Amino acid sequence: VTDPIQMVIAAVLLGGLTGAVRSGASVLYATLGELVTERAGIINLGTEGCMLVGACAGFGVTVSTGNPVLGVLAAGLGGGLLALIHAFLAVSRKASQLASGFAVTFFAFGLTALLGRPFVGAQIEGLGEAAIPLLGDLPIVGHILFRHDLLTYLVYVLALALWLFLRYTRWGLALRAVGENAAVAFSAGLRPSMIQYAAVMVGGVFSGIGGAQLSLAYTHTWVEGMTAGRGFIAVALVAFALWHPLRAVLGVLLFGGALAFQLQLQSVGTPVSPYFLDMMPYLLTLGVLLVWRQASACATPEGLRAIFG
Amino acid sequence: VNLSLNPSVIIQSSVARLAGAILLACAAFGVCLAVIGKDPFAAYSAILSGALGDSYGWSELGAKLIPVVLCALAAAIPARVGLVNVGAEGQFYGGALVATSVALNLDMLPGFVLLPLMLIAGFTGGALWGGIAGLLRIVGLNEAISTLLLNYVAVLLVDQMVHGPWKEPGGNNWPFTVEFVPAALIPAFGDWRIHFGIFLPIIGVAVFAYVLARTRWGFEMRVIGGNPEAGRWSGLPAAQYFLAALLIGGGLAGLAGMAEISAIQHRLRPGISNGYGYLGFLASWLSGGSPLGLVGACALLSIIVVGGDVLQVSAGLPGASVNILMGLILFCVLGVRRSGPSAKAAKAEPAIQTPPAGSPLDVVSAAVGIAPNASMAQVDGVHA
């Protein structure tokens with residue numbers, strides 16, 4: 001390819017697709033986490049807060065210890081503990097789940113602003129690119145798929161594992177049963193509230209790790225409120241994915257793609273307004289939800305209908 | 001015998017529980033402050049004296065109450081028909097956007113024409129944003145998700161305008177519009193920040209309370225929100241109420257946006273909201289839907305917000321850290337609030353078993369079990 005315009009287009013496409021895979025990873029963690037939570041019949045708008053806590057805890061611990069693995073563990077722990085508050089309120093106290101989720105997000109916003117302040121502007125190595133041998137050397141595919149950080153690879157494996165878990169294991173069946181009809185699950189010998197607790201906390205752990213991917217691997221910084229609504233996007237993407245882990249990957253790549261192409265187009269100086277491009281993920285999600293709303297109504301776990309009619 | 005079914009006991013015990021929950025949350029936040037080495041008593045006295053200690057504090061509080069109460073109404077009105085409007089933030093920006101276009105393009109008009117036009121524009125912008133969610137709801141898309149997503153679209157639209165076509169020419173490249181002409185500004189009371197826009201929430205709350213308690217509309221709204229099935233059986237036009245509630249709610253949030261740019265900012269720029277839309281949602285939820293509770297909840301949250309500004313200066317804490325206190329208060333209120341014996345009682349009352357004999361609404365009224373002056377606890381079930 002020698003034509004300069006073609007070269008620019010090729011670069012934008014390559015950069016955009018690569019960016020889609022990497023920038024979508026944090027959202028995919030949160031989406032998978034929220035998917036587990038919702039499959040148990042609980043909706044957690046605190047996903048945004050869990051991501052923030054994960055991003056902050058992961059960054060803070062990495063700065064303090066110099067070890068990003070400890071950072072990721074701290075992020076998962078932080079997200080899980082925050083989700084525990086939501087689980088207690090939503091499951092044990094039967095409180096309004098939407099209000100409780102918002103409360104969790106508000107709390108996390110304040111907590112991370114306070115505890116994260118010493119780390120604003122800190123420099124870290126973080127999680128760098130870890131190209132997979134051989135596969136990473138493939139011409140184009142290698143660049144798009146196999147030259148990322150470890151957390152990015154992990155989340156795509158996680159999506160596949162989650163699908164297998166939900167579909168083929170007893171525990172997956174138990175989780176789905178509780179989300180569809182807790183009373184029936186109870187009469188079949190399951191303990192719905194324990195399973196819901198576990199599901200909400202797993203959701204928090206995933207979201208926390210997603211936050212860590214954002215701060216440790218994607219931006220390498222901590223900024224107050226840096227998740228910028230990714231947790232809420234994740235909640236929307238779960239409905240978009242019709243509560244299916246593999247469709248969640250598709251939704252996240254669309255979302256990540258819109259973000260990444262916007263950055264690419266900006267970098268080559270296209271006259272399209274960046275703010276209009278920034279709107280695309282939100283409008284796209286709305287549009288797809290609108291088109292798929294019939295399917296979505298059928299796929300909604302029965303236990304969510306009461307909250308989320 | 002379940003004493004708690006007696007309305008007066010319910011009201012007393014829920015007020016006591018609410019107060020207890022708020023005190024518990026304040027204590028927990030105090031412990032947090034002590035842990036990081038700040039004096040909690042000094043912090044609380046700074047918050048209280050900052051917001052309520054002098055005329056400046058009261059004026060700040062009033063200036064914050066205007067958008068918070070309007071945004072709380074934006075959530076509370078749809079909540080009455082069973083909708084979750086978390087989009088007041090976007091509706092606020094929508095109102096600011098349309099009001100700005102009037103202020104910039106019709107700046108030759110005198111104030112007594114321009115300001116009413118801007119009010120209409122602000123209402124229209126917010127109503128447009130809420131109305132989109134209303135239409136989407138009618139075709140079957142959940143409004144909690146759509147309003148949440150539309151928030152981001154509105155914020156970005158404002159960014160686009162102030163970075164693009166509306167950017168002040170020669171203004172050092174700052175992303176904001178030119179300062180509005182004096183005719184486009186809502187006057188303040190004297191030198192204070194509190195301004196004549198205060199009448200907007202006052203009128204809004206009064207009309208809301210009146211419509212809810214005294215009119216057929218208010219009654220039908222409570223039926224649709226409290227017992228949708230009963231609403232359907234008596235042929236109430238739920239779809240029209242959904243759309244109207246989101247149009248009016250959105251419009252009120254839009255008025256908040258208009259008042260904020262016209263009276264406080266004097267121009268449109270990004271980030272004017274300070275999260276007022278989300279605060280409004282929380283206040284509406286805390287209030288359980290009663291107009292008086294709404295004002296109380298807004299006052300509480302606004303004191304915390306004003307107190308946050310004070311803490312930032314006096315204790316050197318990040319301004320956002322009062323969100324911890326906000327979250328703790330909500331946790332405690334959510335944790336102690338009973339799931340509503342009256343709500344259970346209302347549900348336990350069987351739906352209409354026999355064809356309506358008299359006016360359909362009489363039967364619905366009996367079935368829904370909502371008295372005209374529903375108490376906080378009674379509304380709890382409806383709202384949650």
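Residues numbered from 1 in each chain as written. Chains lettered and ligands numbered in written order. Predicted model: local features only at pLDDT ≥ 70, side-chain atom pairs only at ≥ 80, totals over all residues. Heavy atoms only, no water.

> Now, about the overall build of chain B: what can you tell me, with residues and values included?
A tally of helices and strands in chain B yields 16 helices and zero strands. With an accessible surface of roughly 15400 Å², chain B has 68% of that area assigned to carbon and sulfur atoms. (Helix = DSSP H or I, 4+ residues; strand = E, 2+ residues; numbered from the N terminus. Areas by Shrake-Rupley, 256 points an atom, 1.4 Å probe, with all protein chains shown as cover.)

> How would you sum up the overall build of chain A? Please name residues and give values.
From N to C terminus, chain A includes 14 helices and zero strands. Oriented by its inertia axes, the alpha-carbon framework of chain A measures out at about 70 × 45 × 40 Å. Looking at chain A as a whole, 55% of its 309 residues are labelled buried. Excluding contacts between residues fewer than 6 apart, the proportion of contacts in chain A whose partners are at least 24 apart in sequence is 77%. Surface summary for chain A: the accessible area is close to 12900 Å², and the carbon and sulfur share equals 70%. Charge centroids of chain A, computed over 14 positive and 12 negative side chains, lie 14 Å from each other. (Buried < 20%, exposed > 50% of the residue type's maximum accessible area, 1.4 Å probe, protein only. Contact = heavy atoms within 4.5 Å. Lys, Arg positive; Asp, Glu negative; His and termini not counted. Charge placed at Lys NZ, Arg CZ, Asp CG, Glu CD.)

> Tell me about the packing of helix α2 (residues 40-52) of chain B against helix α3 (residues 55-80) of chain B, residues and numbers included.
Residue and element names in this part refer to chain B. Following both chains from N to C, one finds α2 and α3 inclined at 80°, their axes separated by 5 Å at the closest point. In terms of their interaxial angle, α2 and α3 are classed as roughly perpendicular. The segment α2 lies against α3, with Gly50, Ala51 and Leu52 engaging Gly57, Trp58 and Leu61. (Axes fitted to C-alpha atoms, helices over the stretch in contact; angles between N-to-C directions. Parallel < 35°, antiparallel > 145°, perpendicular 65-115°, else oblique.)

> How would you explain the packing of helix α3 (residues 68-92) of chain A against helix α9 (residues 192-218) of chain A if you had to name every residue and give the values?
All names here are of chain A. Interaxial distance between α3 and α9 falls to 6 Å at its minimum, and their mutual angle equals 145°. As for how α3 packs across α9, the hand of that crossing is right-handed. Split into classes, the residues belonging to the contact of α3 with α9 amount to 15 nonpolar, 10 polar and no charged. (Left-handed = near helix turned anticlockwise from the far one by under 90°. Nonpolar A, V, L, I, M, F, W, Y, C, P; charged D, E, K, R; others polar.)

> Tell me about a nonpolar patch on the surface, and name the residues and values.
Residues and elements named next belong to chain B. Judged by side-chain polarity, Leu106, Met108, Phe112, Val113, Leu117 and Ile120 come together as a nonpolar surface patch covering roughly 590 Å² of accessible area. Considering the arrangement of structural elements, one finds isoleucine 120 in helix α5 (residues 111-138). Taking the relative accessible area as the measure of exposure, isoleucine 120 reaches 54% and is therefore exposed. (Patch = residues over 30% accessible without salt bridge, like charges linked within 9 Å, V, L, I, M, F, W, Y side chains within 5 Å. Salt bridge = Lys/Arg side-chain N within 4 Å of Asp/Glu carboxyl O.)

> Tell me about the pattern of salt bridges, residues and numbers included.
All names here are of chain B. Across all of its chains, the model carries five salt bridges over all chains by this definition. Between arginine 193 and glutamate 60 there is a salt bridge, and its shortest N-O distance comes to 3.0 Å. Pair noted here: arginine 193 is in the loop between α6 (143-163) and α7 (199-214) and glutamate 60 is in helix α3, with a separation of 133 residues, a long-range link. Owing to a relative accessible area of 37%, arginine 193 belongs among the partly exposed residues under this scheme. A salt bridge links glutamate 143 to arginine 137, with the nearest nitrogen and oxygen atoms 2.9 Å apart.

> Residue-level account of α6(B), with values.
Residues and elements named next belong to chain B. The end-to-end C-alpha distance of α6 is 30 Å, a good match for the 30 Å that 21 residues give at a rise of 1.5 Å each. In terms of burial, α6 is a largely internal element, 19 of the 21 residues being buried. Measuring from the backbone nitrogen of alanine 144 back to the side-chain oxygen at the start of α6 gives 2.7 Å, which picks out asparagine 142 as the cap. (Expected span 1.5 Å × (residues − 1). Polar contact = N/O pair within 3.5 Å; in protein donor to acceptor, adjacent residues only side chain to side chain.)

> Report on the state of the cysteines, specifying residues and quantitative values.
Residues and elements named next belong to chain B. Under the defined criterion, the tally for this structure stands at zero disulfides over all chains. The thiol of cysteine 32 is not disulfide-bonded; the next cysteine sulfur, from cysteine 332, is found 11 Å away. Cysteine 332 takes part in no disulfide bond, and the closest cysteine sulfur to it belongs to cysteine 26, at a distance of 8.9 Å. (Disulfide = S-S within 2.5 Å.)

> I'd like to hear about the interface of chain B and chain A, residue by residue, with values.
Of the residues lining the interface, 44 residues belong to chain B; the matching set on chain A comes to 42 residues. Contact between chain B and chain A buries roughly 3800 Å² in total, counting both sides, with carbon and sulfur atoms accounting for 81%. Viewed at the interface, chain A and chain B are joined by zero salt bridges. Taken together, chain B and chain A are joined by two residue pairs in polar contact (both at pLDDT 80 or more). Put simply, the parts of the chain that give the side of chain B that touches chain A at least two residues each are α6, α11 (276-287) and α13 (322-336) of chain B. Here the side of chain B that touches chain A gets 13 residues from one element, more than from any other, and that element is α6(B). Considering only residue class, the side of chain B that touches chain A consists of 31 nonpolar, 11 polar and two charged. (Buried area = accessible area lost by both parts, 1.4 Å probe.)

> Could you give an account of the confidence of the model for chain B, naming the residues involved and the relevant values?
Residues and elements named next belong to chain B. Summary statistics for chain B give a mean pLDDT of 82 and a share of 84% for residues scoring 70 or more. With pLDDT under 50 throughout, residues 340-384 is counted as low confidence; its partners more than four residues away or in other chains account for 59 contacts. If you check the scores for this complex, the pTM reads 0.83 and the ipTM reads 0.86. (pLDDT = per-residue confidence, 0-100.)

> Outline helix α7 (residues 170-180) of chain A, supporting the account with residue identities and numerical values.
All names here are of chain A. Gly172, Ala174, Leu175, Val178 and Gly179 are the residues of α7 that are buried. Seen along its axis, α7 keeps its buried residues to an arc of 160°; they face one direction. Opposite the packed face of α7, turned more than 90 degrees from it, sit the exposed residues Arg170 and Leu173. In this fold, the buried residues of α7 make contact with α1 (4-39), α6 (150-168), α8 (182-187), α9 and α14 (302-305). (Arc of directions from axis to C-beta.)

> I'd love a proper account of unusual backbone geometry, names of residues and values included.
Residues and elements named next belong to chain A. One non-glycine residue, alanine 228, lies in positive phi territory at about 50°. Summarising the element assignment, alanine 228 is placed in the loop between α9 and α10 (230-240). You will see that tryptophan 243, though not glycine, has its phi angle at about 60°, which is positive. With respect to the helices and strands, tryptophan 243 occurs in the loop between α10 and α11 (245-267). Given a relative accessible area of 3%, tryptophan 243 falls into the buried group.

> Run through the nonpolar core, naming residues and quoting values.
Note on soluble globular proteins: their nonpolar side chains tend to be buried together. With 200 residues, the main nonpolar core has Phe102(A), Met118(B) and Leu268(B) as its most contacted residues. Sequence-distant contacts of Leu268(B), defined by excluding residues within four places in its chain, comprise Ala96(B), Leu97(B), Thr100(B), Val158(B), Val162(B), Trp166(B), Phe176(B), Thr177(B), Phe180(B) and Ile261(B). (Core = buried A, V, L, I, M, F, W, Y, C linked by side-chain atoms within 4.5 Å.)

> Quick one: what's the story with the environment of Leu97(B), residue by residue and with numbers?
All names here are of chain B. Within the secondary structure, leucine 97 sits in helix α4 (residues 88-105). According to the relative accessible area criterion, leucine 97 is buried, its value standing at 13%. Not counting residues within four places of it along the chain, the set of residues in contact with leucine 97 comprises Leu157, Val158, Met161, Trp166 and Leu268.

> Pulling in residues and values, what's your account of the packing of aromatic side chains?
Counted by the stated rule, this structure contains 12 aromatic pairs over all chains. Ring geometry for Phe102(A) and Phe232(A): centres 5.9 Å apart, planes at 50°, overall tilted. Highlighted residues: Phe102(A) in helix α4 (residues 97-115) and Phe232(A) in helix α10, separated in sequence by 130 residues. By the burial criterion, Phe102(A) is buried, and Phe232(A) matches it. Here a set of aromatic residues connected by ring pairs shows up, and it is made of Phe102(A), Phe232(A), Tyr278(B) and Phe281(B). The ring of Phe176(B) has Arg267(B) sitting right over it, with the charged end atom 4.2 Å from the ring centre. (Phe/Tyr/Trp six-rings, centres within 6.5 Å; stacked < 30°, edge-to-face > 60°. Lys NZ or Arg CZ within 6 Å of the ring centre and 35° of its normal.)

> Please set out the environment of Ala21(B) residue by residue, giving values where relevant.
Residues and elements named next belong to chain B. Its location among the elements puts alanine 21 in helix α1 (residues 7-35). Considering only alpha carbons, one finds alanine 21 and valine 336, 315 residues apart in sequence, at a separation of 6.7 Å. Not counting the four nearest positions on each side in its chain, alanine 21 is found in contact with Cys332, Val333 and Val336.

> Please provide a residue-by-residue account of the side chain of Lys64(B), values included.
Residues and elements named next belong to chain B. Locating lysine 64 in the fold gives a position in helix α3. On the basis of relative accessibility, which here comes to 7%, the residue lysine 64 falls in the buried class. Aside from chain neighbours lying at most four places away, what touches lysine 64 is Arg193, Tyr276, Ser302, Val305, Val306 and Asp309.

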